[in-house]
Amino acid sequence: MSQKIVELTRIAGDAKFYIFHDGKRVLRAHFIATAPVRGFEKLAIGKHPLLLIEAAMRVCGICHAAHGIACSEALEHALGLAPPFAGRLLREAIGLLNRIQSHLFVIALVLGDMFKKKELQRELLLKIVQNLEKINRILTRLGGAPTHPPYLTIGGVLRPPTPQVIKFAKDNLATVLNDFQKIKDLHFDEDKWSERIEKLAEVKLSPKFLASHPFYGDRYNVNPTQVKVFTYDEYRPDAKEIGKESSACIAKYGNNFIEVGPRARLVVYRDFNDYRLIGVHLARILEVELCLERTLEILDIIDIHESIRAPELTLHEGKGVGVYEAPRGTLFHFVELDSMGRVKNFKVVVPTMFNIPIIEKAAEKLPPDLAPLVARIYDPCIPCATHFIKV
Amino acid sequence: MKRMKIINVDLGGCEGCCVSLFRALPQISQFGDFISRYTVEENFEISDADVIFVTGSVCMNDPHAIELLKEARNKAKILVALGSCAVFGGITRFSRGGQMPKPEHRIFSPISRVVTIEYAIPGCPPPPVTIVSFLRFLITGREQQLLLFKAVASLEKPLSGFDLLDDVVFSGLCIGCGACTLSCPTQALILIERRPELIVEKCIRCGTCYVRCPRASQLLVRRYLEKIKSKS
């Protein structure tokens, strides 16, 4: 048995893939995150809930709004609050724009693997970056910034959009939707696929799936008490030495390893049944279109003259859980506040913690040179995954 | 105009600054070749470069991060701290460690505590337009426009909204232009009767407001020039 260590590129953050193989097939794979642990859960203790939201958004610069929304939901649960209808819709739109941002970014990173022709890769890269900028401009107007949108707050959203902002957002979303049709069609055209992607399409994997909502997140559609967290060496006692290097942890739902993310959402809430490994990426492509359509729908029904934030905010003791469908899957934030309303406990369980065992399992079905590609297709997020507090 | 080789080395931040660089890719490619973990096929290595942008604060308890930073210093003609974490420590200045699986990761510092840097661009994250302007100034040799980035790189003490209040607002230098409120990435500054008020609970110590303030930035540049003069 030979060993190969690959430092993964074109994924979010620093990670290594330890691959044990016999030359033809991967026998064992270990996905090891190597980024430092900034320790947001410990950092949050004693802080004001307003700082907690800002800190939570800085867990990740790619799925920032997802963390902001999950954290706001957890704080609202702890304080017995709910955002008004228009605030909830606006928050959903901000979250969906973040999901589109993240998906477009990953689609751009996978282009080099996806297509045979270099010219096509370059043409699509430019198109994706242009559309990503349009989404960033919309998010700047609706959320306050393209990264870590500061309008997300406890009880709703800080500022209502003006009619001009709504018009700007709708016009730009319509052009992105139009442009994205071509990108989508090319991704589904199997004749244009590279040999590596063709090989990935020959392998199927159908684990258990978890999703709480197609577009937002719902703590009542999942059971947060079923979430269990392990260190890497607890999860893989057969690789204790390698596991010690890992700064990420692993999560299980009940006794199961589960897949979360775009494919899980489409399997649970839509009639999606592509269980090939490439199906994860194709689900991501389909989700961009769905999210663009849903955001346009929200902008049509939202009444900007209605209240967008809960009228009163009284800080007190409480416990809450926020569940949100981040770009990479179901995200859990657990918050406990003390009698002064300051943070007593904070725990985050991110989608990548659920997906790491699935990535390793998927790699075991492939030749060694394709293992890094499967990690990229699953889109792990290392800044998010470097957290560990027992739940 | 000679094409530059530009590299991004990340020390383990949130990736927001790396994404900002990626967003600026079409414009950056006019100045030179850009290499980051997002652009290479496999195994990203730091090679000799004209400009290396370092993102993320350095974890003083992580030997790998310190080695990576020193390697970036050795390979770069010009080393730039990009983003508030690399420049001032930012939100990671609140880190207190004790969190599994690496409880020893306790202290996160600005990269200038470990290596010498030529320029610093704060922001959480800095927008692509700032990065592109910086590169344009650099390649066209516009020293005057680069002074502020140099002055920030030479600071020994990190900046925050509290410093803005002390140095500009409370001392009566504020002209009420609102640049600080527009630049604050957490909306921690609001303008009340043309005077900035800091919502202290929301300040993440990124220092963006201080550098964007027309008065505070003048102070930074003047102090920097005086420091240079006294040294010579």
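See above for the structure.
Keep in mind that what you see is a predicted model, and the values were worked out from it rather than measured.

A. A look at the pairing of strand β7 (residues 227–230) of chain A. All names here are of chain A. Side chains of β7 alternate between two faces, with V227 and V229 buried and K228 and F230 left unburied. With four bridges joining them, β7 and strand β8 (residues 250–253) adopt antiparallel strand pairing. Bridge pairing links V227 to Y253 in β8.

B. Quick look at helix α3 (residues 64–79) of chain A. Taking 1.5 Å of rise per residue, the 16 residues of α3 of chain A would be expected to cover 22 Å, and the 23 Å separating its terminal C-alpha atoms lies within 8% of that figure. Where α3 of chain A ends, the next residue or the one after it, G80 of chain A, has phi of about 70°, a positive value.

C. Looking closely at a negative patch on the surface. Residues and elements named next belong to chain A. A surface patch of like charges, here negative, comprises D191, E195, E198 and E202. Its location among the elements puts E198 in helix α7 (residues 195–200). The class of E198 is partly exposed, set by a relative accessible area of 35%.

D. Examining the side chain of H103 of chain A more closely. Within the secondary structure, H103 of chain A is located in helix α4 (residues 85–114). Apart from the residues lying within four places of it in its own chain, the contact partners of H103 of chain A are P262, R265, R284, E287, V288 and P327 of chain A.

E. Representation of the pattern of salt bridges within the structure. Residues and elements named next belong to chain A. Applying the stated criterion to the full structure yields 39 salt bridges over all chains. One salt bridge in this structure joins D113 and R10, with 3.0 Å as the shortest N-O distance. Here D113 is found in helix α4, whereas its partner R10 is found in the loop between β1 (2–7) and β2 (15–21), with 103 residues between them in sequence. The exposure classification of D113 matches that of R10, with both residues buried.

F. Fine view of empty space enclosed by the protein. Within this structure, the stated rule accounts for nine cavities of 30 Å³ or more. Here the largest cavity defines a volume of roughly 150 Å³. Lining the largest cavity are 21 residues, and of these G13, C14, G16, C17 and C85 of chain B lie nearest its centre. Taken together, the residues of the lining of the largest cavity sort by class into nine nonpolar, eight polar and four charged. By volume, the second largest cavity is sized at about 100 Å³. Forming the boundary of the second largest cavity are G61, I62, H64, Q101, S102, F105, L132, N136, P146 and T147 of chain A together with V19 and R23 of chain B. Those elements that provide at least two residues to the lining of the second largest cavity are α4 and α5 (118–143) of chain A together with α1 (16–23) of chain B. When residues in the lining of the second largest cavity are grouped by element, the largest group, three residues, is from α4 of chain A. Here the residues of the lining of the second largest cavity are counted per class, giving five nonpolar, six polar and one charged.

The rules behind the values
- Residues numbered from 1 in each chain as written.
- Chains lettered and ligands numbered in written order.
- Predicted model: local features only at pLDDT ≥ 70, side-chain atom pairs only at ≥ 80, totals over all residues.
- Heavy atoms only, no water.
- Buried < 20%, exposed > 50% of the residue type's maximum accessible area, 1.4 Å probe, protein only.
- Helix = DSSP H or I, 4+ residues; strand = E, 2+ residues; numbered from the N terminus.
- Pairing = 2+ DSSP bridges.
- Expected span 1.5 Å × (residues − 1).
- Patch = residues over 30% accessible without salt bridge, like charges linked within 9 Å, V, L, I, M, F, W, Y side chains within 5 Å.
- Areas by Shrake-Rupley, 256 points an atom, 1.4 Å probe, with all protein chains shown as cover.
- Salt bridge = Lys/Arg side-chain N within 4 Å of Asp/Glu carboxyl O.
- Lys, Arg positive; Asp, Glu negative; His and termini not counted.
- Charge placed at Lys NZ, Arg CZ, Asp CG, Glu CD.
- Contact = heavy atoms within 4.5 Å.
- 1 Å grid on protein atoms, 1.4 Å probe; cavity = no way out; pocket = protein on both sides within 12 Å on 5 of 7 lines; lining within 4 Å.
- Points joined across faces, edges and corners; volume = space filled by probe spheres on them.
- Nonpolar A, V, L, I, M, F, W, Y, C, P; charged D, E, K, R; others polar.

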